[in-house]
Every structure is written in structure tokens, then in C-alpha cells.
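Each chain, letter by letter, is given below.
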Amino acid sequence: MIEIGGLQKLTLIDYPGRVAATVFLIGCNFRCPFCYSGELVLPERIKKQPRISEKDYFDFLKERKELLEGVVICGGEPTIHKELPDFCKKIKDLGFLVKLDTNGSNPKMLEKLIDEKLINYVAMDLKAPKTKYSQAAGVEVDTKKIQKSIDILKEEKIDYEFRSTIVPTIHAKEDVIKMAKWIKGAKKYYLQNFRPEKTINPKFEKIKSYPQEFLVSIQKVISPFFEVCQIR
Ligand code: SF4
């Protein structure tokens, strides 16, 4: 049984161009210090998080068939769940489009979901340039796996985007440019400004976000690498 820790019943922004609902799966293999979702990531907080049963979730989707076009599956990190392909299939069988939000650490699962046509859109987080990846993810990361996920998405079998949360103390301007060069030629790359709110590492709640102009100055440099490059 997949563990569902939350549900956003309606979102107009999380699935590009679609009316969607977001489901939050419990558990993550990363510990990004700037993560906003401690209740889905940290074991001691996960314990206290109420669960939604799969039955209740699918009852909800059946009721909303007319209103919703898509479902966003996010976490935590959805690809740590071996039941994810079945879960996506059940959603697709109800006629919804499926968007997966992932940290890109499980290329095998990503490839399976794409090849078996169980998802329609992927948003992959790029955490940092290779040399800083483990620092940004809060755990040792095998960047070969991240590279593999990038390569899979760039094959363009389905629609996708990359996105990065830009965090002072982790990312200097050159780091963002390095990340952009890493995925150069991708369709879409979004820069998201870090918000200092309930983060996994409480020290990050005191960090001041970069001014918008800082991100705009980076966007100007990296835009030529992508079809779309925007700040969110
Ligand atoms: S931000 Fe990092 S720790 Fe939080 S859910 Fe995403 S990958 Fe996991």
C-alpha cells in the first residue's frame, strides 16, 4: 500500500495548463536542509502525519472526474515507492493525466514509468552543481543517477521540466550557471526563489532570500540554453 500523507484537492499552477489535484506521498531519500516538507520527510514527524487511505483517495478522484484533468504526484520523493507504477496506472485508468515531481535519484523507476506510459509530465528538481550535490541534498548522492535521469528526460519521450530552488548559502551565481550548463539544451528550466519558512534545518528559516533582481540577472545569462527559462 502506498502511503499518502496529504492531498491538495485543486491546483491551477502545479500541472502546467491543467486543472489538477496533488497527492503527497510519504518518505524521501534526501534531506535537503531547505526542504519545506518535513512532515513527509523526517521519520519523527512522519509518525505524527495523518494518512489518507488509498480507498478514500480513489473515491475522491472518482467524484472529481468531471472537474479535474490531471493529478500531480509529489512527496517526499514518490519514486522510492515500489508500488508507484501500480498507483499511476490506477490514476490513469480513471482517465487522468499524471505529472510526477521527482528529485531524479531513481532513473530506473523514471524510465519504467515513461516506457510503460504511466506518466505524462515530469518535473525534476536539480539541487546543485555536481560538486555540491550532496551538500544541497543533505545526504550522499550518486550524481551518475541524477545524470541518467537528466539523459532520460532529454530524450523527450514525454513533456518535462527541470527546476531548481535557489538558496543563499548553497548557491552562488556561478553555481546556478553550472547547473544550467549541466542540463543545457533541455526544454524548460525554472528558477524558484527560496522562501525562508518551516525548513527541515531550522537555520535555513533565518536565511534571507535572494532579491528578485539577482535571479533575473542569472536568467539573462542562462536563457539561451533553453526553450523556456523562467523565474517562479
Ligand atoms: S526538497 Fe529534498 S528533502 Fe524535501 S521532499 Fe524534495 S528531495 Fe526530499
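Procedures and definitions
- Residues numbered from 1 in each chain as written.
- Predicted model: local features only at pLDDT ≥ 70, side-chain atom pairs only at ≥ 80, totals over all residues.
- Heavy atoms only, no water.
- Helix = DSSP H or I, 4+ residues; strand = E, 2+ residues; numbered from the N terminus.
- Rg over C-alpha atoms; globule rule 2.2 N^0.38 Å.
- Buried < 20%, exposed > 50% of the residue type's maximum accessible area, 1.4 Å probe, protein only.
- Contact = heavy atoms within 4.5 Å.
- Areas by Shrake-Rupley, 256 points an atom, 1.4 Å probe, with all protein chains shown as cover.
- Lys, Arg positive; Asp, Glu negative; His and termini not counted.
- Charge placed at Lys NZ, Arg CZ, Asp CG, Glu CD.
- Expected span 1.5 Å × (residues − 1).
- Patch = residues over 30% accessible without salt bridge, like charges linked within 9 Å, V, L, I, M, F, W, Y side chains within 5 Å.
- Salt bridge = Lys/Arg side-chain N within 4 Å of Asp/Glu carboxyl O.
- Arc of directions from axis to C-beta.
- Near = heavy atom within 4 Å.
- Nonpolar A, V, L, I, M, F, W, Y, C, P; charged D, E, K, R; others polar.
- Pairing = 2+ DSSP bridges.
- Axes fitted to C-alpha atoms, helices over the stretch in contact; angles between N-to-C directions.

A. Just the overall build of the protein, in detail. Counting secondary structure elements, the protein contains 9 helices and 8 strands. Taken against the 2.2 N^0.38 rule, which gives 17 Å for 232 residues, the C-alpha radius of gyration of the protein at 17 Å falls within 12% of a compact globule. Projected onto its principal axes, the C-alpha positions of the protein cover 45 × 40 × 30 Å. Across the 232 residues of the protein, 53% fall into the buried class. The contacts of the protein with a sequence gap of at least 6 include a subset with a gap of at least 24, amounting to 71%. Within the structure as shown, the protein displays about 11,100 Å² of accessible surface, and the carbon and sulfur contribution to it stands at 52%. Counting 41 positive and 32 negative side-chain charges, the protein places the averaged centre of each group 3 Å from the other.

B. Region of the structure containing helix α7 (residues 143-154). For α7, with 12 residues, the first-to-last C-alpha span of 16 Å sits near the 16 Å given by 1.5 Å per residue. Next to the buried residues of α7 lie α5 (107-115), β5 (121-125), α6 (133-137), β6 (159-166) and α8 (173-182). Just beyond α7, the residue with positive phi is E156, at close to 60°.

C. A look at a nonpolar patch on the surface. A surface patch of nonpolar side chains, about 450 Å² in accessible area, is lined by L10, L12, I13 and L67. Here L67 is to be found in the loop between α3 (54-63) and β3 (70-74). The exposure class assigned to L67 is partly exposed, which follows from its relative accessible area of 48%.

D. Seen up close, helix α4 (residues 84-93). Within α4, burial applies to L84, P85, F87, C88 and I91. Projection of α4 onto a plane perpendicular to its axis shows the buried side chains occupying an angular sector of 160°, all on one side. Facing away from the buried side of α4, by more than 90 degrees, are the exposed residues D86 and D93. Against β1 (4-11), β2 (20-25), α3, β3, β4 (97-102) and α5 lie the buried residues of α4. One or two positions beyond α4, positive phi appears at G95, with a value near 100°.

E. Focus on the site of the ligand. Every residue near the ligand is listed here: C28, F30, R31, C32, C35, V41, G76, N103 and K127. A class-by-class count of the residues in the shell around the ligand yields 5 nonpolar, 2 polar and 2 charged.

F. Geometry of the sheet that holds β1. Pairing within the open sheet is mixed, and its 8 strands lie in the order β1-β2-β3-β4-β5-β6-β7-β8. Single-partner strands in this sheet number two, and they are β1 and β8 (228-231). Within this sheet the neighbouring strands show an average axis-to-axis angle of 20°, counted without direction. By the bridge criterion, 4 bridges tie β3 to β4 in an arrangement that is parallel.

As far as function goes, none of this settles anything; it's purely spatial.
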